[in-house]
Amino acid sequence: MGKTRRAFTVSEKLKVVDWHLANGAVVKKTAREFDLNPKHVRDWLASHSVLLQNDFGSTRNKLRLYSGNRAAWPQLDQDVFHYFTARRNASAKISDDDLKEYALHRAKELELSTFTASNGWLRRWKLRHGVRVRRGAKRTLPVEKEEQLTAFFDAVQALRAEHRYGDGSMLIMHQLTVSFTSDAALCESDCQSGRLPDSRSPSSGAPSSGPHTHSYAFTVSLVASGDGSKYSAAIVFKTRQPLSVPTVTPSPVARGA
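Residues numbered from 1 in each chain as written. Predicted model: local features only at pLDDT ≥ 70, side-chain atom pairs only at ≥ 80, totals over all residues. Heavy atoms only, no water.

1. So, helix H6 (residues 96-109)
Here's step 1: In a regular helix each residue adds 1.5 Å, so 14 residues correspond to 20 Å; H6 covers 20 Å between its end C-alpha atoms and thus fits that length.
Here's step 2: For H6, the complete set of buried residues consists of Leu 99, Lys 100, Ala 103, Arg 106 and Ala 107. Taken down its axis, H6 places every buried residue within 130° of arc, on the same side. Opposite the packed face of H6, turned more than 90 degrees from it, sit the exposed residues Asp 97, Glu 101 and Lys 108.
Here's step 3: Contact partners of the buried residues in H6: helix H5 (74-89) and helix H7 (119-129). (Helix = DSSP H or I, 4+ residues; strand = E, 2+ residues; numbered from the N terminus. Expected span 1.5 Å × (residues − 1). Buried < 20%, exposed > 50% of the residue type's maximum accessible area, 1.4 Å probe, protein only. Arc of directions from axis to C-beta. Contact = heavy atoms within 4.5 Å.)

As structure tokens, then:
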């Protein structure tokens, strides 16, 4: 009785390829380690870049990737995929029209005069790369929230009329918090300069074992008025470690000044 034919997902194939590259890159050795036919190892090595491109979401669990016609414009095909990946990693919205528009722009740069970014091309491109572009769902507020929002705007308009607030008196503020952790070298420099408490051992004066890191954070506030005027940004610095602030003695003010 012959062996049962096995099927492997994208992530499983990548596991074999990664082990192969990390352990001498000998095909027969890798085949023995995973009980595989050496041809499978060679095929997966040849398609390593394609496997990496499909190692995301539910696609990594696929047993078989798209095996249809190869791309007529391989460079363009890869460039559009890199564009799609960059937008997705940045959590930016992307639509079919965005992909076609970028493809046309890139095709012009590559001097591909016959490329038209048709719907058929886009469909085949998605199949080749296992890409799914979801259509955004229309979101509506619950009835009670709409009523609450309407009441809020009515109250604001009433206060503006009562106190004669112009557009310049209406301000909107957006706050963005940025945090980071300094490395050991920066902490050492800060401790010596007196900006941060020293993390050295009090007995020996040598740095204690383990990494020395400190967390910092600051908030940036951006303010604009209803008439379009923009105000200077306000930056508030924060730290979990106490800062040594120099003491300032106020100068006496002369009487009658």
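2. A word on a nonpolar patch on the surface
Here's step 1: A surface patch of nonpolar side chains, about 310 Å² in accessible area, is lined by Leu 149, Phe 152 and Phe 153.
Here's step 2: Mapped onto the fold, Leu 149 is located in helix H8 (residues 143-163). (Patch = residues over 30% accessible without salt bridge, like charges linked within 9 Å, V, L, I, M, F, W, Y side chains within 5 Å. Areas by Shrake-Rupley, 256 points an atom, 1.4 Å probe, with all protein chains shown as cover. Salt bridge = Lys/Arg side-chain N within 4 Å of Asp/Glu carboxyl O.)

3. Some words on the packing of aromatic side chains
Here's step 1: Applying the stated criterion to the full structure yields seven aromatic pairs.
Here's step 2: Ring geometry for Phe 84 versus Trp 125: centroids 6.2 Å apart, planes at 80°, classification edge-to-face. In this pair, Phe 84 is assigned in helix H5 and Trp 125 in helix H7, connecting sequence segments 41 residues apart.
Here's step 3: For Phe 84, a relative accessible area of 5% puts it in the buried group.
Here's step 4: Judged by relative accessible area, which is 0%, Trp 125 ranks as buried.
Here's step 5: Grouping aromatic residues by their ring pairs yields a cluster made of Trp 73, Phe 84, Phe 115, Trp 121 and Trp 125. (Phe/Tyr/Trp six-rings, centres within 6.5 Å; stacked < 30°, edge-to-face > 60°.)

4. Let's talk about the side chain of Thr 9
Here's step 1: Topologically, Thr 9 is positioned in the segment before helix H1 (10-22).
Here's step 2: Contact partners of Thr 9, with chain neighbours within four places excluded, come to Arg 60, Asn 61, Lys 62 and Leu 63.

5. Observations regarding the confidence of the model for the protein
Detailed conclusions should not be drawn from predicted coordinates in areas where pLDDT is low.
Here's step 1: Per-residue confidence for the protein gives a mean pLDDT of 75, with 69% of residues at or over 70.
Here's step 2: Per-element confidence in the protein is highest for H6, whose mean pLDDT is 93, and lowest for helix H9 (residues 184-193), whose mean pLDDT is 50.
Here's step 3: Below pLDDT 50 for its whole length, residues 196-210 participates in 22 contacts with residues either more than four positions away or in separate chains.
Here's step 4: In the predicted structure, residues 253-257 sits below a pLDDT of 50 and forms zero contacts with residues beyond four places in sequence or in another chain. (pLDDT = per-residue confidence, 0-100.)

6. Description of H5
Here's step 1: Its 16 residues place the ends of H5 22 Å apart at the C-alpha level, agreeing with the 22 Å of an ideal helix rising 1.5 Å per residue.
Here's step 2: Looking only at H5, the buried set comprises Leu 76, Asp 77, Asp 79, Val 80, Phe 81, Tyr 83, Phe 84 and Thr 85.
Here's step 3: A positive phi of about 60° marks Ser 91, the residue just after H5.

7. As for the environment of Asp 97
Here's step 1: Following the sequence through the fold, Asp 97 ends up in helix H6.
Here's step 2: Remark: the alpha-carbon pair of Asp 97 and Ala 117, spanning 20 residues in sequence, is separated by 9.8 Å.

8. Describing unusual backbone geometry
Here's step 1: Even without being glycine, Asp 35 reaches a positive phi, approximately 55°.
Here's step 2: Within the secondary structure, Asp 35 is located in the loop between helix H2 (27-34) and helix H3 (38-46).
Here's step 3: The class for Asp 35 is exposed, based on a relative accessible area of 52%.
Here's step 4: Here Glu 111, not a glycine, exhibits a phi torsion of approximately 60°, which is positive.
Here's step 5: Mapping Glu 111 onto the fold places it in the loop between H6 and H7.

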